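Here is how the chains run, residue by residue.
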Amino acid sequence: MVRYVHDFREGRRNMADLLGGKGANLAEMTRLGLPVPPGFTVTTDACRAFLATGAEPDGMSAEVSRHLSVLEESAGRRLGQRDDPLLVSVRSGARFSMPGMMETVLDIGLNDDSVLGLAKTSGSDRFAWDSYRRLVQMFGSTVMGVDTARFDDAMTLLKEAREAPDDLYLDASDLAGLVETYKRLILDETGRTFPQSPAEQLRLAILAVFRSWNGERARLYRRREHIPDDLGTAVTVQRMVYGNLGPDSGSGVAFTRDPATGRPGLYGDYLANAQGEDVVAGIRNTVPLTELEQLDPDSYRRLRDHMGTLERHYRDLCDIEFTIERGTLWMLQTRVGKRTAEAAFAIAAELVEEGQITAEEALARVSGDGLARLMFPRFDTDATGTALAPGLPASPGAAVGAAVFDSAEAVRRAAAGERTVLVRQETTPDDLPGMVAAEAVLTSRGGKTSHAAVVARGMGKVCVCGAEELTVDTAARHFTTPDGTLVEEGTVISVDGTAGAVYAGAVPLVASAAMRYLETGEQSDGVVAAVARSLEQADSLRRLEVRANADTPEDARRARRFGAQGVGLCRTEHMFLGERRKLVEAMILAVTDSDRDRALAALLPLQRQDFTDILEAMDGLPVTIRLLDPPLHEFLPDRTELAVRIAAAEARGDQPEPHEAELLAAVNRMHEENPMLGLRGVRLGLVVPGLVAMQVRAVAEAVVARTKAGGSPRAEIMVPLVGAVEELRIERAEVERVLDEVSYESGVPVRCPVGTMIELPRAALTAGRIAEEAEFFSFGTNDLTQTTWGFSRDDVEAAFFSAYLDKGVFPTSPFETIDRDGVGRLIRIAVEEGRAARPGLTLGVCGEHGGDPDSVHFFHAAGLDYVSCSPFRVPVARLEAGRAALSDTEGSDSR
């Protein structure tokens, strides 16, 4: 029989799939003997069953009742009884942390009768009515669907009427009146009354949390974080403890290390006379956790000891929520904390030095995405301009954008291609779309543990919180600085999430410390040293080589500095642009063979020098040179522009330029409805006489030149867009003829492996045949994705990809991360059949996926020999190739 409910005493932290992260960690803290309010967890199995059918699974309600009875018996009180009522919280808890994205309801069990008993037991009428108004507000919005803004407006009107700066200045009668206002709001909005039955409150709250798994913000967050939609959430039901009982009570969020920098120590925020939701919401500014030592030394000492226990047990940064109820400390939650990229590398290195984890474990805890963020530029501190206000450095980095004051505007402007900074007093989960769209988040309230800070850190988004000197008026769509400067919506500002500062205008950028290390080897700080150790560890473990896509000597030299082990793609067409375009035009317009030969002869020395320089930059390492790939018309002027110029000349009565008329005739002759599937790649080599011979001769003569100069050139020749082995057989014969010819003429043996790009489904499906003629395969995943999906990338990304992502057709763009089921299956087929036909076949990838972290793991598992990517992605690929190798030893994916 399926069990849907587990007591905290029955679980462990490795049961997160069933109990969710929150439930599993509450069970773990209970096992460790820490002071955890008792409770139970309704499992993810129950959630999935409910979402599949729309009804509670059989037996769940009875199990909840049995566990509630146990909880009541241990407390000596019943849920919602009139005298000294037991109250519980109902919270979401998915397998992967989704802070603020699903629902919470506190103080379940209060009603018009039990609120009086709570007031009597606690000795505080104000506390009881404050708890009741929280329940009605949370229940009304979460369970009954009333817009949260309606409750906020009612609170604002009451505070204005009482001239109260915040809710602490409202007395018990004010709050009692607010409860009645809230109940009338619910009745007016829904036609239903707020339920007075505690059992009904609990049942409806659990189901509402289940439903929140499919809420808009939860779905958006999962898409952003690549969390599967089918996991569901667990629900924890826990006895309430109160931080809002007076000055000797309070709530806080703590980290065992700084989540922004990774520095050891106690970090966090504390708010006296408040419940935990107040701390995260940022509605009142918190005090640093260290001030708790003066406010309540005993609780601070116990908290510090518990934090040490948890970090030693989890061997990682721990994120902890706690409440102090009249001097008694309660631990409400712990989890492995989200952190910035800087903190991830620093903490991993520190834990290795402390002997808590191994170097391999440290590598598994950092990521290529994090390294990429560290490589982003930073603000030039010598040219920061006018400072608008200081704040808390919640999530590091540098971002520039137009100030906007609500989520919808950030989304609208981002869709139009504009960079924005979302400015709020504090953010709520409903602001998530704007946080995703904006380059940075700036709030005037809240601390490093506020909603804005936690979510921004998890997304790698620049964030400054608690800029108290700014007066943010979201209704008027502006903020005011301490000196009275008005910053209107649309004004460009710069946000420094590392320093916690905001500046007017666009501040210039400079290379980051991580980028300086990669360029020069300079280790300027501890984070960079940690990056260096991580890359060294990855290099020692990885099986995949990492090469670079480089078309110039400058790119090749940079790639080599960044650790590239060769060039996996040198695109020769890029060498025909600029001033050389005229020579290509001459080749295209040639009427006779001799005219074409002269044009090709003029291109030969230029190509030879290009290849010589790149081979020198990569001396001793392989350089894979792709023969001309794009259609020839791309080297000619635009067809429409030419026709307009000629028509305009004729309309003026002028004679068009003869050369332009020739060009237009050539463009018309070569015009194709779908040029990307037309005369390009290997097809060009087969129908344009002399083109392949010229390019191969340039490669061969460059090899000869480097060999005579004492170098060790390793050129490889790659034939693009092969769909049939016969194409490759014909072109390879021409390649080898020219190589033999240059070898004979120079007296230097020229040996260049000949291979092909696999970028058509037919090539993948006939890889065994093609391998008979190819010494290596390089998967061109950009075109392979286009031809497998039937997508024209330039058209579809703007036309409907956003809709496909919203509807879950795919979780991320297949041009960013490899489509494992479709394109990936073709790659696996080609790998298997290619190696069966030629056991020594070298396999690589040279599409943009070669630098994508998730795709690197796939290429490792598929058995490729190397990935090739842009020079700036080489360090990312090195790191992820090492992390992919960990999965071989750990038996699981290290992503």
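The sections below set out a description of the structure shown in this document. (Residues numbered from 1 in each chain as written. Predicted model: local features only at pLDDT ≥ 70, side-chain atom pairs only at ≥ 80, totals over all residues. Heavy atoms only, no water.)

Section: the side chain of Thr236
Here is step 1: Considering the arrangement of structural elements, one finds Thr236 in strand 5 (residues 233–239).
Here is step 2: Using a relative accessible area of 1% as the deciding quantity, one classes Thr236 as buried.
Here is step 3: For Thr236, the contacting residues outside a window of four places in its chain are Lys22, Gly23, Leu26, Phe40, Thr41, Ser89, Val90 and Arg91. (Helix = DSSP H or I, 4+ residues; strand = E, 2+ residues; numbered from the N terminus. Buried < 20%, exposed > 50% of the residue type's maximum accessible area, 1.4 Å probe, protein only. Contact = heavy atoms within 4.5 Å.)

Remarks on a nonpolar patch on the surface
Here is step 1: Together, Leu679, Leu686, Val687 and Ile730 make up a nonpolar patch on the protein surface, roughly 340 Å² of accessible area in all.
Here is step 2: Take Leu679: its relative accessible area is 36%, and that puts it in the partly exposed class. (Patch = residues over 30% accessible without salt bridge, like charges linked within 9 Å, V, L, I, M, F, W, Y side chains within 5 Å. Areas by Shrake-Rupley, 256 points an atom, 1.4 Å probe, with all protein chains shown as cover. Salt bridge = Lys/Arg side-chain N within 4 Å of Asp/Glu carboxyl O.)

Some remarks on the pairing of strand 30 (residues 842–845)
Here is step 1: Relative to strand 30, strand 29 (residues 776–779) is paired through four bridges, and the arrangement is parallel. Bridge pairing in strand 30 places Phe777 opposite Leu843.
Here is step 2: Note that the unit made of strand 30, helix 35 (residues 853–862) and strand 31 (residues 866–869) has a crossover that is right-handed. (Pairing = 2+ DSSP bridges. Right-handed = clockwise from strand over helix to strand, strands pointing away.)

So, the sheet that holds strand 13 (residues 392–395)
Each strand in a sheet pairs with another by means of backbone hydrogen bonds, the pair being arranged parallel or else antiparallel.
Here is step 1: Read from one edge to the other, the open sheet built from eight strands follows the order 12-22-21-14-15-16-17-13, with strand pairing classed as mixed. Of all strands in the sheet, those with a lone pairing partner are strand 12 (387–390) and strand 13, marking the two edges. The sheet shows a mean angle of 30° between the axes of neighbouring strands, taken without regard to direction.
Here is step 2: Contacts from helix 16 (residues 407–415) reach strand 14 (398–404) and strand 15 (420–424), with the element oriented near 115° to strand 14. (Axes fitted to C-alpha atoms, helices over the stretch in contact; angles between N-to-C directions.)

As for the sheet that holds strand 9 (residues 318–325)
Here is step 1: An order of 8-7-6-9-10 is seen for the five strands of this open sheet, with the pairing classed as antiparallel. The open sheet terminates on both sides in strands that have one partner only, identified here as strand 8 (287–288) and strand 10 (328–336).
Here is step 2: Across two bridges, strand 7 (residues 264–272) lies against strand 8 in antiparallel orientation. Residue pairing in the sheet places Tyr270 in a bridge with Val287 of strand 8.
Here is step 3: The strands touched by helix 12 (residues 297–314) within the sheet are strand 6 (250–257), strand 7, strand 9 and strand 10, with strand 10 carrying the most contacts at an inclination of about 25°.

Observations concerning the state of the cysteines
Here is step 1: Within the structure shown, the criterion is met by zero disulfides.
Here is step 2: For the unlinked cysteine Cys752, the closest cysteine sulfur is that of Cys570, found at 13 Å. (Disulfide = S-S within 2.5 Å.)

Remarks on the environment of Glu10
Here is step 1: Note that Glu10 resides in the loop between strand 1 (5–7) and helix 1 (16–31).
Here is step 2: Considered as a pair, Glu10 and Arg31 are 21 residues apart in the sequence and their alpha carbons are 8.8 Å apart.
Here is step 3: Apart from the residues lying within four places of it in its own chain, the contact partners of Glu10 are Arg3, Val5, Met15 and His67.
Here is step 4: Within the local environment of Glu10, its side chain forms a polar contact with the backbone nitrogen of Asp7, the two atoms lying 2.6 Å apart. (Polar contact = N/O pair within 3.5 Å; in protein donor to acceptor, adjacent residues only side chain to side chain.)

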